[in-house]
Amino acid sequence: VQLQASGGGLVQAGGSLRLSCAASGRTFSSYAMSWFRQAPGKEREFVAAISRSGGNTYYADSVKGRFTISRDNVKDTVYLQMNSLKPEDTAIYYCAANNLVVTTRQYECDYWGQGTLVTVSS
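These numbers come from a predicted model, not from an experiment.

Draft legend 1. Seen up close, the state of the cysteines. Counting across every chain of the model gives one disulfide. Residue C21 pairs covalently with C95 via a disulfide, S to S 2.1 Å. Between C21 and C95, the S-S torsion sits near 65°, and that sign places the bridge as right-handed. Remark: C95 occurs in strand 9 (residues 91-98) and C21 occurs in strand 3 (residues 17-24); sequence separation between them is 74 residues. Residues C21 and C95 agree in their burial class; the two are buried. C109 forms no disulfide, and the closest cysteine sulfur to it belongs to C95, at a distance of 9.9 Å. Judged by relative accessible area, which is 9%, C109 ranks as buried.

Encoded structure:
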């Protein structure tokens with residue numbers, strides 16, 4: 001499956017952005033989806049994940065209550081709604097697909113998008 005992330009940009013602290021990740025090439029609904037991010041000078045980390053049906057979601061503690069992951073299996077797209085953004089949310093955000101189970105682990109992801117940059121100014 002090919003993944004194309006979009007929606008990043010520059011936003012002030014306290015603002016919102018919605019990231020999208022469009023999938024093509026395989027049956028999207030057969031993949032659990034995750035978002036990860038990599039801040040400058042730091043390792044890539046888990047952000048959020050959603051099961052194949054969308055019925056189960058998981059979040060990193062740092063984004064819980066501010067970010068919402070969702071998916072549209074008709075549009076073959078997963079979303080990450082980010083509210084109350086903070087400067088520490090600045091990172092490249094990556095979407096990833098897993099064809100077995102929903103995961104928070106990078107090494108369990110089979111396919112990756114190219115990343116989209118989110119910059120939060122203070």
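From this point, the narrative continues.
Draft legend 2. Layout of the nonpolar core. Ranked by size, the top nonpolar core spans 35 residues in total, and within it M33, W35, L80, M82 and Y93 carry the most contacts. Elements supplying a minimum of two residues to this core: strand 1 (2-6), strand 3, strand 4 (32-38), strand 5 (45-50), strand 7 (67-72), strand 8 (77-82), strand 9 and strand 11 (116-121). Residues in contact with Y93, not counting those within four places in the same chain, are L19, W35, F36, R37, V47, F67, L80, M82, G115, T116 and V118.

Draft legend 3. Region of the structure containing the side chain of N98. Structurally, the position occupied by N98 is in strand 9. For N98, a relative accessible area of 4% corresponds to the buried category. Engagement of the side chain of N98 in a polar contact is seen with the backbone oxygen of E108, the distance being 2.2 Å. Setting aside anything within four residues of it in sequence, one finds N98 in contact with S30, Y31, A32, T103, E108, C109 and D110.

So, how was this worked out
Residues numbered from 1 in each chain as written. Predicted model: local features only at pLDDT ≥ 70, side-chain atom pairs only at ≥ 80, totals over all residues. Heavy atoms only, no water. Disulfide = S-S within 2.5 Å. Helix = DSSP H or I, 4+ residues; strand = E, 2+ residues; numbered from the N terminus. Buried < 20%, exposed > 50% of the residue type's maximum accessible area, 1.4 Å probe, protein only. Core = buried A, V, L, I, M, F, W, Y, C linked by side-chain atoms within 4.5 Å. Contact = heavy atoms within 4.5 Å. Polar contact = N/O pair within 3.5 Å; in protein donor to acceptor, adjacent residues only side chain to side chain.

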